[in-house]
Amino acid sequence: MVIDQSASRTLPLTRASCHAAQVAGRIPLVVNPRCHDHDPGAEIWIGVTTPGTEVAERVTVIESTLRELGHDVVSAREFDDTWLTHVHSAELIDHLATVWDQWVTAGYPDLGAERVVPYLFPSEELLHGLRRRLPTALHAQVGTYCYDTMTLIGPGSWRAIRAATHAARTAVELVASGAPYAYALTRPPGHHATRSAYGGSCYLNNTAIAAQALREAGYARVAVIDVDAHHGNGTQAIFYERSDVFTASVHVDPGAGWFPHHVGFADETGRDAGLGTNLNLTLAPGSGDEAWLSAVERAAGAVGDFDATALVIALGVDAAVDDPESPLQVTVEGYRRAGNVLAALDLPTVVVQEGGYHLPTLGQLVGSALDGLASG
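Residues numbered from 1 in each chain as written. Predicted model: local features only at pLDDT ≥ 70, side-chain atom pairs only at ≥ 80, totals over all residues. Heavy atoms only, no water.

Details of the pattern of salt bridges
For the structure on display, the rule yields 16 salt bridges. Several salt bridges converge on common partners, so that one network encompasses R34, D37 and R159. (Salt bridge = Lys/Arg side-chain N within 4 Å of Asp/Glu carboxyl O.)

Structure (structure tokens):
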């Protein structure tokens, strides 16, 4: 059932009702209150503790705005966590699920370490070709799974991480049941998480989870278009050797000094069976609507050439003009036009929330993108 709490009414989830809502611009909104539970407390960047931008209020602002715009609200379903191993390693999932309790039991908060944060990373040079081993010390284990110092874990983190994956999968169920579009309000974001590691404020890859769920729902060729300001390195890595999922990312050029720095370049096009199924469209810092939209159009054209049967949009809105993380200068109208471009693909579409950190405009930006998609 689709629950419209703002209007206190219930809509049956049928193809006809979903289409009617779409015409009215009311894409189903999937929420999970547990997404508020993650509180990273801070970020540690170049050794400096700074206030975090990936805060719970992001969810509050987006949900409130979309309710005001009349989007029908759906509560996320529960799913068996074993399904997550279709996308992520069992070791990563177990680490995320248990590390906070282990951290507390070991007494790290008593030493002033109020969040889980790595300090040692098993780089290729450190191992020098030797077998990777899981360290005995918990504080050394963390760097096996986390690749930066910005992505901290606290007491409610696993509940929120898990809740976000359930929102993404519920959105897939809505689309598989006949809704043209569904939007998953996921937090924390996910597109920087690889199969076996987390980072970039991302823990499990909600976008990749949605794409894999669509494949398992019977969609033979799934495409991902990531419009977050930063490269979706985790999504790229998860599908890099596969021919059944096409990944495209429109982002600021990592060669200009932007996260994730090491990957996200135009010559990364896939490997083995996946050769030719990855497209990175890099933009110079300061690029505005026209350059950004041109890249989105190129990504859409590539998806058309791939002959996709379903689409996942990784909707980061941190390319916006006022965003504190923004290297780009995209406007509210730019996001609406991007929605129009992606709607023209005429594919069953799951939208997954990624970045976007300017709280005063966050809801408006997401609402504009969804409006463009629904009216396109």
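Things to note about the pairing of strand β7 (residues 181-184)
Burial of β7 is two-sided: the residues Y181 and Y183 facing one way and the residues A182 and A184 facing the other way are all buried. Looking at chain direction, β7 and strand β12 (residues 349-353) are connected through 4 bridges and run parallel. Note on β12: the bridge partner recorded for A182 is V350. (Buried < 20%, exposed > 50% of the residue type's maximum accessible area, 1.4 Å probe, protein only. Helix = DSSP H or I, 4+ residues; strand = E, 2+ residues; numbered from the N terminus. Pairing = 2+ DSSP bridges.)

Quick word on the packing of helix α2 (residues 57-68) against helix α11 (residues 359-375)
Two quantities define a packed helix pair, namely the angle between the axes and the distance from one axis to the other. Between α2 and α11, whose axes approach to 8 Å, the crossing angle comes to 50°. Comparing their axes, α11 and α2 come out oblique. With respect to the hand of their crossing, α2 and α11 are arranged in right-handed fashion. Packed against α2, whose contacting residues are E57, R58, V61, I62, T65 and L66, the element α11 presents L359, L362, G363, Q364, V366, G367 and L370 at the interface. Grouping the amino acids of the contact of α2 with α11 by side-chain chemistry returns 7 nonpolar, 4 polar and 2 charged. (Axes fitted to C-alpha atoms, helices over the stretch in contact; angles between N-to-C directions. Parallel < 35°, antiparallel > 145°, perpendicular 65-115°, else oblique. Left-handed = near helix turned anticlockwise from the far one by under 90°. Contact = heavy atoms within 4.5 Å. Nonpolar A, V, L, I, M, F, W, Y, C, P; charged D, E, K, R; others polar.)

Quick notes on the pairing of strand β11 (residues 310-315)
For β11, the tally of buried residues reaches 6 of 6 residues, placing the bulk of the element in the interior. Of the two faces of β11, both are covered, the one formed by A310, V312 and A314 as well as the one formed by L311, I313 and L315. Here strand β8 (residues 222-226) pairs with β11 via 5 bridges, running parallel. Its bridge partner being in β11, I225 is matched across the sheet by I313. Alignment of β11 against β12, held across 5 bridges, turns out to be parallel. The residue bridging L315 from the neighbouring strand is Q353, located in β12.

Observations regarding the layout of surface pockets
A probe matching the size of a water molecule, rolled over the atoms, marks out where space remains unfilled. Taken as a whole, the largest pocket holds about 1000 Å³ of empty space. Considering the residues around the largest pocket, the lining is formed by 42 residues, among which Y147, D148, M150, G200 and F259 are closest to the centre. At the level of elements, β4 (43-45) and α5 (138-145) are the ones that each hand at least two residues to the lining of the largest pocket. For the second largest pocket, the calculated volume is near 180 Å³. What lines the second largest pocket is T194, N233, Q236, A237, Y240, V263, E268 and R271. (1 Å grid on protein atoms, 1.4 Å probe; cavity = no way out; pocket = protein on both sides within 12 Å on 5 of 7 lines; lining within 4 Å. Points joined across faces, edges and corners; volume = space filled by probe spheres on them.)

A closer look at the confidence of the model for the protein
If pLDDT is low for a region, its predicted coordinates should not be looked at in detail. The predicted model of the protein averages 93 in pLDDT, with 93% of residues at 70 or higher. Contacts for the low-pLDDT stretch residues 1-24, under 50 throughout, to residues beyond four places or in other chains number 45 contacts. (pLDDT = per-residue confidence, 0-100.)

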